[in-house]
Amino acid sequence: MTEFTTPIDDRWFEDYPQGAVYEFGEAVVTEAEILEYARRFDPQSFHTDVAAAEHGPFGGLVASGWHTAGVMMRMFVDHFLSSVSSLGSPGMDDVRWPRPVRPGDKLRVRATIEEARLSKSKPDRGLMRTFLEVFNADDEVVMSAHAVNFMAVRPK
């Protein structure tokens, strides 16, 4: 694993080297959070109804994949993306949820920087492609995605 040499409020594009691998975060997903999120945004019975979920495809209550993505994003922002140089993202590719997240699961993120290059058209920024994996406490991948982010270069 790679360690950041600069704090998050002083990280610029140059502080995210291609090939670096970071692990960070810890978030416990509770039953109440699963129910609250799902009732609002993904009201399928295996996300919203504990009793019905017991007889559903997962054999119990599970978090929406989009809830898992939200938990990942919070850890990504809190521990990885710079508060001074992040310039947003045009999107994510290949979002997958290979295993369900269940009440009580403790999640963490691994971020592998697959590409880091300066923009040809805008020299004040770089483009970073990161492979994100979310793990549960049993080291099983519960989510993966490829993210693209724009980062400002360090001011001269």
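Residues numbered from 1 in each chain as written. Predicted model: local features only at pLDDT ≥ 70, side-chain atom pairs only at ≥ 80, totals over all residues. Heavy atoms only, no water.

A. Looking closely at the side chain of Ser144. Position of Ser144 among the secondary structure elements: in strand β5 (residues 141-152). Among all residues touching Ser144, those that are not within four sequence positions of it are Asp94, Val95, Arg96, Phe131, Leu132 and Glu133. (Helix = DSSP H or I, 4+ residues; strand = E, 2+ residues; numbered from the N terminus. Contact = heavy atoms within 4.5 Å.)

B. Inspection of the UniProt feature "domain: MaoC-like" (unreviewed entry) in the protein chain at higher detail. The UniProt entry lists residues 22-120 under the feature "domain: MaoC-like" (unreviewed entry), expressed in the numbering used here. End-to-end, the C-alpha atoms of residues 22-120 are 27 Å apart, and along that stretch the chain is 35% helix and 26% strand. (UniProt positions renumbered as here; feature names shortened; annotations may be inferred.)

C. Representation of the sheet that holds strand β2 (residues 91-96) within the structure. Strand order in the open sheet made by the 5 strands is β1-β3-β4-β5-β2, with antiparallel pairing throughout. Only two strands of the sheet have a single neighbouring strand rather than two, namely β1 (21-28) and β2. Averaged over all adjacent pairs, the angle separating strand axes in this sheet is 20°, with direction ignored. (Pairing = 2+ DSSP bridges. Axes fitted to C-alpha atoms, helices over the stretch in contact; angles between N-to-C directions.)

D. Representation of the packing of aromatic side chains in the model. Taken as a whole and judged by the stated rule, the model has 10 aromatic pairs. A centroid spacing of 4.9 Å and a plane angle of 15° characterise the contact between Phe76 and Phe80, whose relative ring orientation is stacked. When sorted by exposure, Phe76 lands in the same class as Phe80, which is buried. Among the aromatic side chains, those forming a connected cluster through ring pairs are Phe4, Tyr16, Tyr22, Phe24, Phe76 and Phe80. Cation over ring: Arg11 sits above Phe4, and NZ or CZ is 3.5 Å from the ring centre. (Phe/Tyr/Trp six-rings, centres within 6.5 Å; stacked < 30°, edge-to-face > 60°. Buried < 20%, exposed > 50% of the residue type's maximum accessible area, 1.4 Å probe, protein only. Lys NZ or Arg CZ within 6 Å of the ring centre and 35° of its normal.)

E. Fine view of the environment of Pro43. In this fold, Pro43 is placed in the loop between α1 (31-41) and α2 (45-48). Its relative accessible area of 61% is what places Pro43 among the exposed residues. Taking the C-alpha atoms as reference points, Pro43 and Ala137, 94 residues apart in sequence, are found 26 Å from one another. Beyond its immediate stretch of four places on either side in the chain, Pro43 contacts Ala38 and Thr48.

F. Just the nonpolar core, in detail. Counting residues in each nonpolar core, the largest one holds 36 residues, and the members touching the most others are Phe24, Phe80, Leu107 and Ile113. Counting only elements with at least two residues in this core, the list comes to β1, α1, α4 (65-79), β3 (106-118), β4 (125-135) and β5. Not counting residues up to four positions away in its chain, the partners in contact with Phe80 are Phe4, Ile8, Arg11, Tyr16, Tyr22, Phe24, Met75, Ala111, Ile113, Met128 and Thr130. (Core = buried A, V, L, I, M, F, W, Y, C linked by side-chain atoms within 4.5 Å.)

G. Region of interest: the pattern of salt bridges. Tallied over the entire structure, the rule returns 10 salt bridges. Of the charged contacts in the structure, one is a salt bridge between Arg110 and Glu23, with a shortest N-O distance of 2.8 Å. One end of the pair, Arg110, is in strand β3; the other, Glu23, is in strand β1, with 87 residues separating them in the sequence. For Arg110, a relative accessible area of 22% corresponds to the partly exposed category. Across the salt bridge formed by Arg108 and Asp139, the nearest N and O atoms sit 3.0 Å from each other. (Salt bridge = Lys/Arg side-chain N within 4 Å of Asp/Glu carboxyl O.)

H. Expanded view of unusual backbone geometry. The backbone of Asp94 shows a phi angle near 55°, a positive value even though the residue is not glycine. By secondary structure assignment, the location of Asp94 is in strand β2. A positive phi angle is found at Asp139, which is not glycine, with a value near 60°.

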